[in-house]
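Spelled out from the first residue to the last, the chains are:
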Amino acid sequence: MPSLQYRREHGRDMLECRGCGATFPEGRATNDGWHYECPECNEATGLGQGLRRV
């Protein structure tokens, strides 16, 4: 069965850090799907507060 994984460059799966301005896939910002943190600066946390959807 072929892999269905793909990388999205925009849309719901991309996040932007309000602190450092980095843009990255949502999967890099969470380990459990509930808690989010910027993988670049490790300071901005939470969707809507430190991180926003692009």
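That block above? That's the structure.
A brief look at the structure comes next. Nothing here was measured: the structure is a model prediction, and the numbers come from that model. (Residues numbered from 1 in each chain as written. Predicted model: local features only at pLDDT ≥ 70, side-chain atom pairs only at ≥ 80, totals over all residues. Heavy atoms only, no water.)

To continue, consider the overall build of the protein. Of the regular secondary structure elements, the protein holds 0 helices and 3 strands. When the helices and strands of the protein are listed from N to C terminus, the series reads β-β-β. Put simply, 38% of the contacts in the protein that link residues at least 6 apart link residues at least 24 apart. In the structure as shown, the protein presents an accessible area of about 4200 Å², 47% of it carried by carbon and sulfur atoms. (Helix = DSSP H or I, 4+ residues; strand = E, 2+ residues; numbered from the N terminus. Contact = heavy atoms within 4.5 Å. Areas by Shrake-Rupley, 256 points an atom, 1.4 Å probe, with all protein chains shown as cover.)

Okay, the pattern of salt bridges next. Throughout the structure, instances matching the rule amount to 3 salt bridges. Between Glu16 and Arg52 there is a salt bridge, with the nearest N and O atoms lying 2.6 Å from each other. With Glu16 in strand S1 (residues 14-17) and Arg52 in strand S3 (residues 51-53), this residue pair connects regions lying 36 residues apart in the sequence. Relative accessible area serves as the criterion here: at 35%, Arg52 is assigned to the partly exposed category. In this structure, Arg28 engages Glu40 in a salt bridge whose closest nitrogen and oxygen atoms are separated by 2.8 Å. Here Glu40 lies in the loop between strand S2 (23-25) and S3 and Arg28 lies in the loop between S2 and S3, a separation of 12 residues in the sequence. Classification of Arg28 by relative accessible area gives partly exposed; the value is 47%. (Salt bridge = Lys/Arg side-chain N within 4 Å of Asp/Glu carboxyl O. Buried < 20%, exposed > 50% of the residue type's maximum accessible area, 1.4 Å probe, protein only.)

Turning next to the state of the cysteines. What the rule picks out here adds up to 0 disulfides. Cys17 carries a free sulfur, and the closest cysteine sulfur to it, the one in Cys20, is 3.7 Å from it. According to the relative accessible area criterion, Cys17 is buried, its value standing at 2%. (Disulfide = S-S within 2.5 Å.)

One finds Leu15, Cys17, Ala22, Phe24, Ala29, Tyr36, Cys38, Ala44 and Leu51 forming the largest nonpolar core, which totals 9 residues. Apart from the residues within four sequence positions on either side, Tyr36 is in contact with Leu15, Glu26, Ala29, Thr30, Ala44, Thr45, Gly46, Leu47 and Leu51. (Core = buried A, V, L, I, M, F, W, Y, C linked by side-chain atoms within 4.5 Å.)

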